[in-house]
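Listed here are the chains, written in short residue letters.
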Amino acid sequence: MGRNLQDGGRLRPIDLARAHGLSTQAIRNYEAAGILPPAERTPHGYRTYTPLHAQALHAFLALVPGHGHQTATAIMRAINRDETEDALRLIDESHAQLLDDRRTLQAVEAAVGDLEPVPQERGDTFVGPLARRLGVRPATLRKWERAGLVQPHRDPQTGYRVYGAADVRDARLAHQLRRGGYLLEQIAALIAQVRAAGGVAPLESALHDWRARLSARSRTMLTGAAALDAYLETRRRRR
């Protein structure tokens, strides 16, 4: 990191900016947002920073990939206000959300393992014929619609529900999973993944990518935690 040696090791905004590929305006914005501690001023009013500011910036940038910009900002603000417990609570909440995401993924993977091959459907159908095909009541299909499991469109002239091929596929999946004892909210999560993947066949790849993203987020949280702990320790020693 470059330093302004003429100022006794003090750091200028440009020194912090260059070290992290940022603009000097970004550094000023981070200070204004409370991400960095307040800067000292020279007799002429210029901002000067210290290695502590550099460490705060490093910690913030390390937190962003795992926690997101908004939460990382809130964490740094809390620490710079000496409200460390609030910062730790925010970190715990991020980890809890990650754990919820992992549990959702596990439920979806378990549900996919229980699926039978779903035949390709062609053409549109209505609620009555589809209900008879599945062996359920029309009211059940309407309940699934309210839960987001199926998304039929309405005939503009009659107002009747019209189920396209993707809707029939989703209804078949919902029927299979209900027979397997899965809850509507669990099925909704799976069908959302099926829709995002473009069908059941590509879902395995989508789940693999999802797991990889969660693992990557876990690693970035570890990196952020190490940088933040170093910043907290430096603040402690300076007291």
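Structure shown above.
Keep in mind it's a predicted model, so treat the numbers as computed, not measured. (Residues numbered from 1 in each chain as written. Predicted model: local features only at pLDDT ≥ 70, side-chain atom pairs only at ≥ 80, totals over all residues. Heavy atoms only, no water.)

Asks: Looking at this model, I keep getting lost on the overall build of the protein. Mind explaining?
Replies: Within the protein, the regular secondary structure consists of 10 helices and 5 strands. With respect to the principal axes defined by its C-alpha atoms, the protein has extents near 85 × 35 × 30 Å. By residue count, 39% of the 239 residues in the protein fall in the buried class. Look at the contacts in the protein between residues 6 or more apart in sequence, and 60% of them connect residues 24 or more apart. Total accessible area computed for the protein in this model is approximately 13600 Å², and 49% of it derives from carbon and sulfur atoms. Side chains of the protein give 35 positive and 26 negative charges; the mean places of these two sets differ by 2 Å. (Helix = DSSP H or I, 4+ residues; strand = E, 2+ residues; numbered from the N terminus. Buried < 20%, exposed > 50% of the residue type's maximum accessible area, 1.4 Å probe, protein only. Contact = heavy atoms within 4.5 Å. Areas by Shrake-Rupley, 256 points an atom, 1.4 Å probe, with all protein chains shown as cover. Lys, Arg positive; Asp, Glu negative; His and termini not counted. Charge placed at Lys NZ, Arg CZ, Asp CG, Glu CD.)

Asks: Hey, could you run me through the nonpolar core in this one?
Replies: The tendency in soluble globular proteins is for nonpolar side chains to be buried side by side. Of all hydrophobic cores here, the largest spans 30 residues; its most connected members are L130, L134, L141, W144, L149, Y163 and I187. Sorting the residues of this core by element identifies α5 (84–113), α6 (127–134), α7 (138–146), α8 (165–179), α9 (184–197) and α10 (203–237) as the ones contributing at least two each. If you tally residues by element for this core, the top one is α10, at 6 residues. Excluding its chain neighbours within four sequence positions, the residues that come into contact with L130 are T125, L141, Y163, V168 and A171. (Core = buried A, V, L, I, M, F, W, Y, C linked by side-chain atoms within 4.5 Å.)

Asks: Teacher, can you tell me more about the packing of α8 against α9 here?
Replies: Relative orientation and spacing of two packed helices are given, respectively, by the angle between their axes and the distance between those axes. For the pair α8 and α9, the least separation of the axes is 10 Å and the interaxial angle reads 145°. Seen from above, α8 lies across α9 with right-handed handedness. Between α8 and α9, the residues in contact are R169, D170, L173, A174, L177 and R178 and L184, I187, L190, I191, V194 and R195, respectively. Of the residues contributing to the contact of α8 with α9, the split by class is 8 nonpolar, no polar and 4 charged. (Axes fitted to C-alpha atoms, helices over the stretch in contact; angles between N-to-C directions. Left-handed = near helix turned anticlockwise from the far one by under 90°. Nonpolar A, V, L, I, M, F, W, Y, C, P; charged D, E, K, R; others polar.)

Asks: Explain the packing of helix α3 (residues 51–67) against α10 here, please?
Replies: Where α3 contacts α10, the two axes come as close as 7 Å, and the packing angle between them is 160°. By the angle class used here, α3 and α10 are roughly antiparallel. Crossing handedness for the pair α3 and α10: left-handed. Counting all contacts with α3, which are made through L52, Q55, A56, H58, A59, A62, L63, P65, G66 and H67, the residues of α10 involved are R217, T220, M221, T223, G224, A227, L228, A230, Y231, T234 and R235. For the contact of α3 with α10, the residue count by class is 11 nonpolar, 8 polar and 2 charged. (Parallel < 35°, antiparallel > 145°, perpendicular 65-115°, else oblique.)

Asks: How should the sheet that holds strand β3 (residues 125–126) be read in this particular structure?
Replies: Backbone-to-backbone hydrogen bonds join strands into a sheet, with any given pair of strands oriented parallel or antiparallel. Strand order across the open sheet formed by 3 strands is β3-β5-β4, with antiparallel pairing between neighbours. Looking at the sheet topology across the chains shown, the edges are occupied by β3 and β4 (153–154). (Pairing = 2+ DSSP bridges.)

Asks: Explanation requested: the environment of H69 in the structure shown.
Replies: Tracing the sequence through the fold places H69 in helix α4 (residues 69–80). With 39 residues separating them in the primary sequence, H69 and Y30 have C-alpha atoms 11 Å apart. Not counting the four nearest positions on each side in its chain, H69 is found in contact with Y30, F60 and V64.

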